[in-house]
Amino acid sequence: VSTEGSQQDPSDLVRHFHAAGRTSGLVVLQGLHALRHALRFGAQVDVVVTADPQELERLARAYAPELISELQQRVVVVAQEVFKQLGPYVPHTGVVSIAHVVQADAVGLWAAENGAAPLILLEDPRNLGNLGAVIRVAAAAQAAGVLSTGAADPWDPVAVRGSAGLHFALPVGHLQELPPTDRPLLAFAPGGEVLRPERIPARAVLAFGSERAGLSSELLDRADECLSLPMRDGVSSLNLATSVAAVLYSLRLNGP
Ligand SMILES: C[S@@+](CC[C@H](N)C(=O)[O-])C[C@H]1O[C@@H](n2cnc3c(N)ncnc32)[C@H](O)[C@@H]1O
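In short, a report on the structure. Small disclaimer: the values here were computed from a predicted structure and weren't measured.

Moving on, we get to the packing of aromatic side chains. Taken as a whole and assessed by the stated rule, the structure comprises two aromatic pairs. Ring centres of Trp-155 and Phe-168 lie 5.2 Å apart, and the angle between their planes is 70 degrees; this geometry places the pair in the edge-to-face category. Here the residue Trp-155 occupies a position in the loop between β6 (145-148) and α8 (157-162), and Phe-168 occupies one in the loop between α8 and β7 (172-174), the gap between them amounting to 13 residues. Taken as a pair, Trp-155 and Phe-168 share a single burial class, namely buried. Geometrically, the ring pair formed by Phe-188 and Phe-208 is stacked, given 5.0 Å between the ring centres and 10 degrees between the ring planes. Here Phe-188, found in strand β8 (residues 185-194), pairs with Phe-208, found in strand β9 (residues 205-208); they are 20 residues apart in sequence, far enough to count as distant. Side by side, Phe-188 and Phe-208 carry an identical accessibility label, which is buried. The cationic tip of Arg-161 hangs over the ring face of Tyr-89; the distance from NZ or CZ to the ring centre is 3.6 Å.

Cut-offs applied
Per chain, residue numbering runs from 1 following the sequence as it is written. With pLDDT at 70 or above as the cut-off, local features in this predicted model cover only qualifying residues; side-chain atom pairs require 80 or more to be listed or tallied, and sums for whole chains, interfaces and linings still use all residues. Excluded from the side-chain calculations are hydrogens and water; all other atoms, namely the structure's heavy atoms, are used. Any two of the Phe, Tyr and Trp rings considered here, Trp counted by its six-membered ring, make a pair once their centres fall within 6.5 Å; the pair's planes then place it as stacked at under 30 degrees, edge-to-face at over 60, or tilted in between. Per the convention used, a helix needs a DSSP run of H or I reaching at least four residues, while a strand needs a run of E reaching at least two, with both numbered from the N terminus. Buried residues are those whose accessible area, probed at 1.4 Å on protein chains only, stays under 20% of the maximum for their type, while exposed residues exceed 50% and partly exposed ones sit between those limits. The criterion for a charge sitting over a ring is simple: Lys NZ or Arg CZ within 6 Å of the ring centre, and within 35 degrees of the ring normal.

Here you go:
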């Protein structure tokens, strides 16, 4: 990995990273896995920083050989003390970068008529790691997108770390409220009717609730059906991301 970008003023870089964390249009990517998915899925990446170019090159050769030349063009090498100041989390792969957020048109996606893939709705998720894990599995299972409501920003850097950068592989956005939709709305909650994947209609919104409280009564009232994943007696619920994964893959493995 070339060190040609190393002329950049370290204090400018530190300022740039701190500002990116607070600017809605930019997101800090923590680690190589988030960066490689971001680049693979067409993210606009502004700056890539490492304190250990040899280790970055070794990891890139092992996990993302197709990206070596892109990394060579972009990487800025800084001292370890500067690297540690770039953010609260120091990834063990020793690389951080800044990408442009691709905010989905959430209202448009909510109403979209094209495509049969299900759309994931997370009502007021609280745990950013869960949010990221949902986005990761939704990307893998080719969902139409992931929308969330509530206070959490689905593009928070911690959520992007949780998705391993797969935010860039499908539409991800936030809804303030739920407009009317002609998509079938299916609520998932323990105690619902047992899921039969073959009966899930095309274009369905699959709605999952908050980690502690579950789905709101407003959403449950509005849903066309309330479905569940069967669980052994005594188990009260599954983890949010686990539930989304089980439902999406049951549909996918059951599909054409
Ligand atoms: C940790 S659970 C919330 C538990 C909450 N006390 C409740 O009863 O809904 C987070 C979300 O995962 C989904 N979930 C968890 N277990 C499920 C199951 N067995 N069937 C369907 N959805 C489930 C639901 O959407 C739920 O709102």
